[in-house]
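If you want the building blocks of each chain, they are given just below.
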Amino acid sequence: MSEIETETLFTRIRDREIPADFVYEDDEIMAFRDVNPQAPLHVLVVPKEPIPTVNDLEPRHAELIGRMFLVARDIAREEGVADEGYRLAMNTNAAGGQAVYHIHLHLMGGRQMSWPPG
Ligand code: DGP
């Protein structure tokens, strides 16, 4: 359904065209604080490749997606919320609440999360 955009808001952050508060970066993955935090800790873990949605994932992305969770787990530990708990979420398309069409894992912590989400 979606056309693969080569430039997204997050590739512009990746390329330092837009500033962001980075907490992690390697060859494939970056993580920076959400500009509109929904919790005391709100970090986005983002692949450098602009994959639009979870629907666009291919088998070759399996390791990348796994590594995104490991990066999020490590940041949760570093930020001191690992033991008390945190939420990881990836919104998909309009009904899933996705606003930026470049996949990203939300890491949220530092407050009690409710379920179900709104
Ligand atoms: P989603 O709705 O799942 O697509 O989440 C997009 C998130 O991206 C949302 O929580 C706000 C965040 N965001 C939007 N624009 C910027 C920006 O320019 N910088 C940063 N750091 N975060 C942004």
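Residues numbered from 1 in each chain as written. Predicted model: local features only at pLDDT ≥ 70, side-chain atom pairs only at ≥ 80, totals over all residues. Heavy atoms only, no water.

Participant: Hey, could you run me through the sheet that holds strand S3 (residues 41-47) in this one?
Facilitator: Sheet strands line up and pair through hydrogen bonds in the backbone, either parallel or antiparallel. Ordered by their spatial adjacency, 5 strands build an open sheet running S1-S2-S3-S5-S4, and the pairing between neighbours is antiparallel. Strands with a single pairing partner mark the edges of an open sheet, and in this sheet they are strand S1 (22-25) and strand S4 (86-89). The mean angle between the axes of side-by-side strands here comes to 15 degrees, regardless of whether they run parallel or antiparallel. Pairing between S3 and strand S5 (residues 105-109): 5 bridges, direction antiparallel. By the bridge assignment for S5, Val 45 is matched with Leu 105. Set on the sheet, helix H2 (residues 62-78) makes contact with S1, strand S2 (29-33), S3, S4 and S5; between it and S3 the angle comes to about 155 degrees. (Pairing = 2+ DSSP bridges. Helix = DSSP H or I, 4+ residues; strand = E, 2+ residues; numbered from the N terminus. Axes fitted to C-alpha atoms, helices over the stretch in contact; angles between N-to-C directions. Contact = heavy atoms within 4.5 Å.)

Participant: Is there a simple way to think about the site of the ligand in this case?
Facilitator: Taken together, the neighbourhood of the ligand is formed by 15 residues, with Asp 34, Asn 91, Gly 97, Ala 99 and His 106 sitting nearest. Within the side chain of His 104, a nitrogen or oxygen atom sits 2.9 Å from an oxygen atom of the ligand. For the ligand, whose unbound accessible area comes to 510 Å², protein coverage reaches 82%. Looking at the shell around the ligand, the elements that each hand over two or more residues are helix H1 (9-14) and S2. Here the residues of the shell around the ligand sort into 8 nonpolar, 5 polar and 2 charged. (Near = heavy atom within 4 Å. Polar contact = N/O pair within 3.5 Å; in protein donor to acceptor, adjacent residues only side chain to side chain. Areas by Shrake-Rupley, 256 points an atom, 1.4 Å probe, with all protein chains shown as cover. Nonpolar A, V, L, I, M, F, W, Y, C, P; charged D, E, K, R; others polar.)

Participant: In this structure, what is going on with the nonpolar core? I would like to understand it.
Facilitator: Most often, soluble globular proteins have nonpolar side chains that are buried together. Among the nonpolar cores identified, the biggest contains 17 residues, and Ile 29, Val 43, Val 45, Met 68, Ile 75 and Leu 107 are the most heavily contacted of them. Residue contacts for Met 68: discarding those within four places in its chain leaves Ile 29, Val 45, Pro 47, Met 90 and Leu 105. By size, the runner-up hydrophobic cluster in this structure holds 7 residues, among which are Phe 10, Ile 13, Met 30 and Val 100. (Core = buried A, V, L, I, M, F, W, Y, C linked by side-chain atoms within 4.5 Å. Buried < 20%, exposed > 50% of the residue type's maximum accessible area, 1.4 Å probe, protein only.)

Participant: Looking at this structure, how should I read the pairing of S3?
Facilitator: On any regular strand, side chains alternate: one points to one face of the sheet, the next to the other face. Here S3 lies mainly inside the structure; 7 of its 7 residues are buried. Along S3, one buried face is formed by Leu 41, Val 43, Val 45 and Pro 47 and the opposite face, lined by His 42, Leu 44 and Val 46, is buried too. Relative to S3, S2 runs antiparallel, the two being bridged by 5 bridges. By the bridge assignment, Ile 29 is partnered in S3 with Pro 47.

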